[in-house]
Amino acid sequence: MNTEETNSFQAVDEGFTMIEAIAEAKKCLQCKVPQCRKGCPIENEIPNFIHALSMGNMGDAMRIINEKSNLPAICGRVCPHEKQCQGHCVMNKKGTPIQIGKIEQFIADFDTAMNLTREKLPQKDRGKIAVIGSGPAGLTVAGDLARQGFNVTIFEGQDEPGGVLMYGIPEYRLPKKVVRAEIQKIEALGVNFECNVLVGENSVNVDSLFHQGYDAIFMGTGTSVPQNMDSTPGAKLRGVSQSTYFLHNVNSYNEGAIGRDMVPLRDGEKVGVVGGGNVAMDAARTAIRLGADVTVLYRRTQEEMPAIKAEYEQAVNEGVKFKWNTSVTEFIAGENRRLAACRLSTPEGELVERFDRVFLAIGSRPANRIVSTTEGIEVDEKGYVKVVERPYGMTTRRGVFAGGDVVHRPQTVVLAMKAAKDVAQGMAQYVDAIKLLEAAKKVEEQHITDK
């Protein structure tokens, strides 16, 4: 990787210094009814950790965060704060909300750098849990249950844990060293990681995990299959590919795992990105960093775009162009069946525009690898796993739970975490119940034997 490309993938915002963080914390009004906490999906005790920081008590600040969040250094960077905690801050009325995300990021990074946190952990004798997938939902379930005395093992298909956090979010937005540090903290809770194990293949499935003695299994497999545009003429042309594939390869290139020639983009190419979500922004901003001329094609208006507002604004500042109310109706072939142009439906009418490459970012859906190798797990017509309310998060297969995007459709990191925290509680209740029934059965059998 050349020096220019290395610099272009450095974090856009390195965060607060100590002086800046404490100064920002001292601005907090410590509201009696904190709206910021109401705006946080996991109801983080925001005023409390900000107050601890304002007094310079970093250990207390981290302890308070850990009561609700397993991934604060990540949430501090990638959450849509303007829609959640920060967006609810009463100081928004003056246009100067407390920068809660950057405060959380600072506390978590400081804790990592100084190696402060040493939690008292219970014995791992409450039950044995298998977690499939190490994205935000899987890591949250694992962290919560490990803290409650469960013996937890995470099974991950890739050669390194992290899921979308490691392979789907660009380095400039979420540095890999940050993800690895958060995972090490989960590991320090006593969680085991089994990488390069794809559940649903090579005789590893839900049944085999139960045979290994796991009391309950959590599916946190996300939505790994991207939606395509196969019904659009020319969608199979060379040069039309998925944003997720592009981002995965760029992350691997930044890590030194593959060469630049494996990244499907050449310097100076004219690139279109179809979609308006955060993945589309990630793909567009990544392509800009690799020297492309980038235009986002979105079928709705700017106001309807689901991407984080700050991501859109940064994309514009970096040179990404946008076409609103614009759809691709045909991918047009040039030489060697490669993409040469796109026929677009726009507010001005139909037009043909040259593109060397197009990346699709129009959503994703769950893979059926686990469901197809397991009896009894029901899904809806789009492949999302059905769950029940009691015990919360259990699928139609007893002892198998699911949460995050595989249930609730693709959402943000913190919303996946919120769902996972609720499911972790349901799993704990379920395992406690079956252990209690087993104990009762043994008492009954002993009583019969004694007679």
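Where an unreviewed UniProt entry is consulted, the protein appears under the name Glutamate synthase (NADPH), homotetrameric, with the organism given as Segatella maculosa OT 289.

Student: Lay out the sheet that holds strand E4 (residues 216-219) in plain terms, naming residues and giving numbers.
Tutor: Two orientations exist for strands paired in a sheet by backbone hydrogen bonds: parallel and antiparallel. The five strands are arranged E3-E2-E1-E4-E15 in an open sheet whose pairing can be described as parallel. On the outer flanks of this sheet lie strand E3 (192-194) and strand E15 (400-402), each paired with one strand and no other. When strand polarity is set aside, the average angle formed by the axes of neighbouring strands in this sheet is 20°. One ladder, built from five bridges, connects strand E1 (residues 128-132) with strand E2 (residues 151-155); its direction is parallel. If you follow Ile132 over to E2, its bridge partner there is Phe155. Sitting on the sheet, helix H9 (residues 136-147) is in contact with E1, E2, E3 and E4, with an inclination near 165° to E2. Running at roughly 165° to E4, helix H18 (residues 413-450) makes contact with E1, E4 and E15 of the sheet.

Student: Give me the lowdown on the pairing of E4, citing residues and values where you can.
Tutor: Burial of the side chains of E4 extends over both faces: Ala216 and Phe218 are buried on one face and Ile217 and Met219 on the other. As paired elements, E4 and E15 share three bridges and run parallel to each other. Paired with Met219 across the bridge in E15 is Ala402.

Student: Mind laying out the sheet that holds strand E10 (residues 327-333), listing which residues take part and the relevant values?
Tutor: Reading across from one edge, E10-E11-E12 is the order of the three strands in this open sheet, with antiparallel pairing throughout. The two strands at the open ends of the sheet, each matched to only one other strand, are E10 and strand E12 (349-354). Looking at each pair of strands side by side, their axes are set apart by 25° on average, direction ignored. Bridging between E10 and strand E11 (residues 339-346) involves six bridges; their strand directions are antiparallel. Within E11, the residue paired with Ala333 across the bridge is Leu339.

Student: A description of unusual backbone geometry should follow, citing residues and the corresponding values.
Tutor: Along the chain, Arg390 connects to Pro391 via a cis peptide bond; the corresponding omega equals -5°. Take Pro391: it is sitting in the loop between helix H16 (369-372) and E15. Despite not being glycine, Asn196 has its phi angle at roughly 60°, a positive value. Its place among the elements puts Asn196 in the loop between E3 and helix H12 (206-211). Despite not being glycine, Asn202 has its phi angle at roughly 55°, a positive value. Relative to the helices and strands, Asn202 is located in the loop between E3 and H12.

So, how was this worked out
Counting restarts for each chain: residues are numbered from 1 in the order of the written sequence. In keeping with the predicted nature of the model, local features appear solely for residues at pLDDT of at least 70, side-chain atom pairs appear and are counted solely at 80 or more, and the whole-chain, interface and lining totals rest on all residues. To obtain the side-chain values, all non-hydrogen atoms of the structure were included, while hydrogens and water were left out. Two strands qualify as a pair provided that DSSP identifies no fewer than 2 bridges between them. The way it works is that DSSP assigns letters per residue, a run of H or I at least four long becomes a helix, a run of E at least two long becomes a strand, and they are numbered from the N terminus. Axis definition: a line fitted to C-alpha atoms, limited for helices to the stretch in contact. Angles are taken between N-to-C directions and run from 0 to 180 degrees. Two residues qualify as a contact provided that any one of their heavy atoms is within 4.5 Å of a heavy atom in the partner residue. A simple rule labels every residue: compare its accessible area, found with a 1.4 Å probe on the protein chains alone, to the largest value its type can have, and call it buried under 20%, exposed over 50%, or partly exposed in between.

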